[in-house]
Every structure is written in structure tokens, then in C-alpha cells.
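# Structure assessment
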Amino acid sequence: TVEFKHQNISAVLKGFDAALNRYVAIKVLAPHFANSGAARSRFAREAQAAAAVVHDNVVAIHGVCDGGRGLPGQQSGLPHLVMPYIRGESLQRRVDRGGPLAPAEILRIAMQVARGLAAAHDQGLVHRDIKPANLLLPEDIERVLITDFGLARAADDASLTRSGVIAGTPQYMSPEQATGDPITPASD
């Protein structure tokens, strides 16, 4: 059983893929957003954006399900993404738990994030929500993984959402993103 907070559009669950004998992470659209065309579109856009970026510093997408429809007006399932299960923690948790990082660690992380973002930018995508909570640090591996492409947009369509609302986490936005001006890969 998963409890969704009203403002959360999705939750990430740990699952087991019996066919491939491996644990996976399953990002599921919250039930109260499942009938929202805009939420479903955003979720589908995240899947497409993340799947387009194949790089060692970006979480891969194993599969996606749009949820399908049962009888008219009924939902047969919730849209979800299947990704590798990453045992570890986010950069946010690491900093919250252990305090500031050493300069060498900061540089190592920054270089890997820059490489992952460059791969996204090469696909014409701007992430728009790079923050410590969206950077995963797998256990026992000195690798950083960018996750959560939920706000990613094509660079030529990356300033405002269709509703005219600026999207992102305010304390991590670039000035041009915060003001609604056109953004480029440099904004990430």
C-alpha cells in the first residue's frame, strides 16, 4: 500500500522483476492525477525524455506503461516507469546526514553531473530541475546518476509550461528560468 500526499504527482516503489530476477524502481503516477490529461502527458514526457538519454550518469528507463484504459471511464492501471533499483542515497540525503562534502568530492560529483547533463543537452533536452534530491549516489560506486526528468523539455520549448506557470524548484532555478525567460542548456 502506498500513501500519496496530495501534492505529490508520483511515488517511487521498489519492485521485483521475476522474469529478469532483479529489483527495479517503479515510478507510479498518483491515483488522484491518473485522470488528468495534463498529468498523464507530463508523466509520458518524463518517460520519453529520460529514455532518450543513454549515459552512465543518467538513470536508465527499462520500460514504461501508460496505464491503459479498461471500460469507458475506468482506469485499468496507473501509468508507471520501470528503472533500475539504485541502492544508495540522494546527494540531498548525503549532505543532510553528513554535512558539507570535501572539495574533491564536490568536483567529482559536479563533473559527472555535467557529463550527464551534456548527454541530455545533446538530445535537445533541458532538465529544469537539477538539485541534490535528483542526484543519486549508488552505494560502493563513485558514480552519480541524474534522475527525475519530470520537468524536462526540449530546449526550444523549455521556459513556461502550457498553463504559463514557471516550473521547477525555486531555490535551484537559474535566473532566466525564475523570470520565465527562454532557457538554454546553460540554465541547467
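Bear in mind that the values here come from a model prediction, so they are computed numbers and not experimental data.

## Focus: the layout of surface pockets
Considered as a void within the structure, the largest pocket measures approximately 1,100 Å³ in volume. As for the largest pocket, its lining consists of 36 residues, and the residues nearest its centre are Val-12, Ala-133, Asn-134, Leu-136 and Thr-147. Those elements giving two or more residues to the lining of the largest pocket turn out to be strand S1 (10-17), strand S2 (22-29), helix H1 (37-52), strand S4 (80-84), strand S5 (88-90) and helix H2 (91-98). Examining the composition of the lining of the largest pocket, we find that five residues originate from one element, S1, more than from any other.

## Quick word on the pattern of salt bridges
In total, this model carries seven salt bridges according to the counting rule given. Asp-148 serves as the salt-bridge partner of Lys-27, at 3.2 Å between the closest nitrogen and oxygen. Placement of Lys-27 in strand S2 and of Asp-148 in the loop between strand S8 (145-146) and strand S9 (153-154) is noted, with a sequence separation of 121 residues between them. The partly exposed category is assigned to Asp-148, whose relative accessible area is 25%. Glu-89 is the partner of Arg-97 in a salt bridge, and the nearest nitrogen-oxygen pair spans 2.4 Å. The exposure class of Glu-89 is buried, given its relative accessible area of 17%. One continuous salt-bridge network, built from bridges that share partners, spans Glu-89, Arg-94, Arg-97, Glu-105, Arg-108 and Glu-142.

## Comments concerning the nonpolar core
Grouped together as the largest cluster of nonpolar side chains are 29 residues, with contacts concentrated most on Val-53, Ile-109, Val-113, Leu-135, Val-144, Ile-146 and Phe-149. Sorting the residues of this core by element identifies S2, H1, S4, helix H3 (103-122), strand S7 (135-138) and S8 as the ones contributing at least two each. In contact with Ile-146, other than residues within four places in its own chain, are Asn-57, Val-58, Val-59, Val-113, Gly-116, Leu-117, His-127, Ile-130, Asn-134 and Leu-135.

## Concerning the confidence of the model for the protein
The predicted structure's coordinates, where accompanied by low pLDDT, should not be read in detail. Per-residue pLDDT for the protein has a mean of 83; in total, 83% of the residues score no lower than 70. Scored below 50 in pLDDT, residues 158-162 shows 17 contacts in the model against residues more than four places distant or in partner chains.

## Concerning the sheet that holds S5
Taken in spatial order, the three strands line up as S5-S7-S8 in an open sheet, and their pairing is antiparallel. Single-partner strands in this sheet number two, and they are S5 and S8. Across two bridges, S7 lies against S8 in antiparallel orientation. Opposite Leu-135, over in S8, you have Ile-146 as the bridge partner. With respect to the sheet, H2 is in contact with S5 and S7, its orientation differing from that of S5 by roughly 90°.

## Topic: the packing of aromatic side chains
Tallied over the full model, the rule gives one aromatic pair. With a centroid separation of 5.1 Å and an interplanar angle of 65°, the aromatic rings of Phe-16 and Tyr-23 are classed as edge-to-face. Judged by its relative accessible area of 44%, Phe-16 falls in the partly exposed class. With a relative accessible area of 45%, Tyr-23 lands in the partly exposed category. Positioned above the aromatic ring of Tyr-23, the side-chain terminus of Lys-14 is 4.5 Å from the ring centre. It is Lys-14 that lies over the ring of Tyr-85; its NZ or CZ is 4.6 Å from the centre.

Rules and cut-offs
- Residues numbered from 1 in each chain as written.
- Predicted model: local features only at pLDDT ≥ 70, side-chain atom pairs only at ≥ 80, totals over all residues.
- Heavy atoms only, no water.
- 1 Å grid on protein atoms, 1.4 Å probe; cavity = no way out; pocket = protein on both sides within 12 Å on 5 of 7 lines; lining within 4 Å.
- Points joined across faces, edges and corners; volume = space filled by probe spheres on them.
- Helix = DSSP H or I, 4+ residues; strand = E, 2+ residues; numbered from the N terminus.
- Salt bridge = Lys/Arg side-chain N within 4 Å of Asp/Glu carboxyl O.
- Buried < 20%, exposed > 50% of the residue type's maximum accessible area, 1.4 Å probe, protein only.
- Core = buried A, V, L, I, M, F, W, Y, C linked by side-chain atoms within 4.5 Å.
- Contact = heavy atoms within 4.5 Å.
- pLDDT = per-residue confidence, 0-100.
- Pairing = 2+ DSSP bridges.
- Axes fitted to C-alpha atoms, helices over the stretch in contact; angles between N-to-C directions.
- Phe/Tyr/Trp six-rings, centres within 6.5 Å; stacked < 30°, edge-to-face > 60°.
- Lys NZ or Arg CZ within 6 Å of the ring centre and 35° of its normal.

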